[in-house]
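Listed below are the residues making up each chain.
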Amino acid sequence: MTSWFRKKGTLETIALEEEPLASSSFTRSITPHTPLLRVSDVHRSFQVGGGKIDVLKGIEMELRPLQLVMLKGRSGSGKTTLLNLIGGLDLPTKGEIVFQEHAFHHSSDDDRTLIRRKEIGFIFQSYALMPLLSAWENVELALRMAGTPRSQWKERVHHCLDLVGLGKRMHHRPYELSGGEQQRVAIAKAIAHRPSLILADEPTAELDSQMGAQIMSVFRNIIATEQVTICMTTHDPTILEDADHVYEMVDGRFVT
Ligand SMILES: Nc1ncnc2c1ncn2[C@@H]1O[C@H](COP(=O)(O)OP(=O)(O)O)[C@@H](O)[C@H]1O
Ligand SMILES: [Mg+2]
């Protein structure tokens, strides 16, 4: 097997008024050698006060289908900035970002939003669940916002919560769940509309090592069953062992 099959993922993803997505019988066409995403010579600078800070300084990377790719690096090195660009939430100052066949660097905000709603799911350190809604209702909300036909909600919510191991906690609200369980609801929510790419910004940072390991096992499971690619950030050395590929960021550049 090729390396990306070998072993062992800003911002609420609020998607409104989406076209109905594909039906529940589901196969994704995967071309493993073709990158899902390609980042070429990407720079991102911010204007701050009278000056300019260069945060990303020539990033080259690719994400291949079904890979679990990790970005590591100190706080402030530029990981979240890069994740925002990959997710089409922000535009590079210079360089190219091509997701599937879409050139994000040439796309309008509206075009990127449409692609994002359909193809990308986000997971955050702080879970970003609706506190008054049950696990079930949180996942259902994601489907409602993605424009998935109502007739598919029940089966899909059930499937996603089962997949993350919360089949028995479907009607609990976030405050009745542990941190690890809340993050698993957030994963179910992120995959519900069948994105091809999941972006996760420090998804295990607030969890102990055992819960972090559970999240990684859920990630492996969803790569296999939902055929997603995951790009995530972390500093945890144990978690990094699970990666198919690790990019290390130092001061806006990758070091090898
Ligand atoms: N919108 C912005 N305006 C100005 N500076 C920013 C902005 N976003 C990020 N930065 C700066 O870019 C640097 C990298 O931030 P970030 O990508 O969040 O790093 P990391 O996720 O690795 O901790 C930091 O110095 C941060 O202050
Ligand atoms: Mg960050």
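Residues numbered from 1 in each chain as written. Chains lettered and ligands numbered in written order. Predicted model: local features only at pLDDT ≥ 70, side-chain atom pairs only at ≥ 80, totals over all residues.

We now examine unusual backbone geometry. At L66, a residue that is not glycine, the phi angle is positive and equals roughly 70°. Along the polypeptide, L66 turns up in the loop between β2 (51-63) and β3 (68-72). The class of L66 is buried, set by 21 C-beta atoms lying within 10 Å. Although it is not a glycine, D251 sits at a positive phi angle of roughly 50°. Examined against the element boundaries, D251 turns out to sit in the loop between β9 (245-250) and β10 (253-255). For D251, a count of 14 C-beta atoms within 10 Å gives the class partly exposed. (Helix = DSSP H or I, 4+ residues; strand = E, 2+ residues; numbered from the N terminus. Buried ≥ 20, exposed ≤ 12 C-beta atoms within 10 Å, placed from the backbone.)

Pairing geometry for strand β1 (residues 37-48) and strand β4 (residues 94-99), over five bridges, is antiparallel. Pairing of L37 across the sheet is with F99, part of β4. As paired elements, β4 and strand β5 (residues 102-103) share two bridges and run antiparallel to each other. The residue of β5 that forms the bridge with F99 is H102. Counting the residues in the hairpin turn of β4 and β5 gives two residues, including Q100, whose phi is positive at 50°. (Pairing = 2+ DSSP bridges.)

Lining the immediate surroundings of ligand 1 are F46, V48, I53, V55, G73, S75, G76, S77, G78, K79, T80 and T81. Contributing elements (two or more residues each) for the shell around ligand 1: β1, β2 and α1 (79-86). Per-element accounting of the shell around ligand 1 gives the leading share, three residues, to α1. Its residues assigned to classes, the shell around ligand 1 shows four nonpolar, seven polar and one charged. (Near = placed C-beta within 6 Å. Nonpolar A, V, L, I, M, F, W, Y, C, P; charged D, E, K, R; others polar.)

Moving on to the nonpolar core. V139 and A188 are the most contacted members of the largest nonpolar core, which totals 63 residues. With residues up to four places along the chain from it excluded, the contact list for V139 reads V157, C160, L161, A188, K189 and A192. (Core = buried A, V, L, I, M, F, W, Y, C linked by C-beta atoms within 7 Å. Contact = placed C-beta atoms within 7 Å.)

A few words now on the packing of helix α5 (residues 179-191) against helix α6 (residues 209-226). Where α5 contacts α6, the axes come no closer than 10 Å and their chain directions differ by 20°. By the criterion of interaxial angle, the relationship of α5 to α6 is roughly parallel. Crossing handedness for the pair α5 and α6: right-handed. Each of G179, G180, Q183, R184, I187 and I191 in α5 lies in contact with α6, whose residues at this interface are M211, Q214, I215, V218, I222 and E226. Class assignment of the residues belonging to the contact of α5 with α6 gives a composition of six nonpolar, four polar and two charged. (Axes fitted to C-alpha atoms, helices over the stretch in contact; angles between N-to-C directions. Parallel < 35°, antiparallel > 145°, perpendicular 65-115°, else oblique. Left-handed = near helix turned anticlockwise from the far one by under 90°.)

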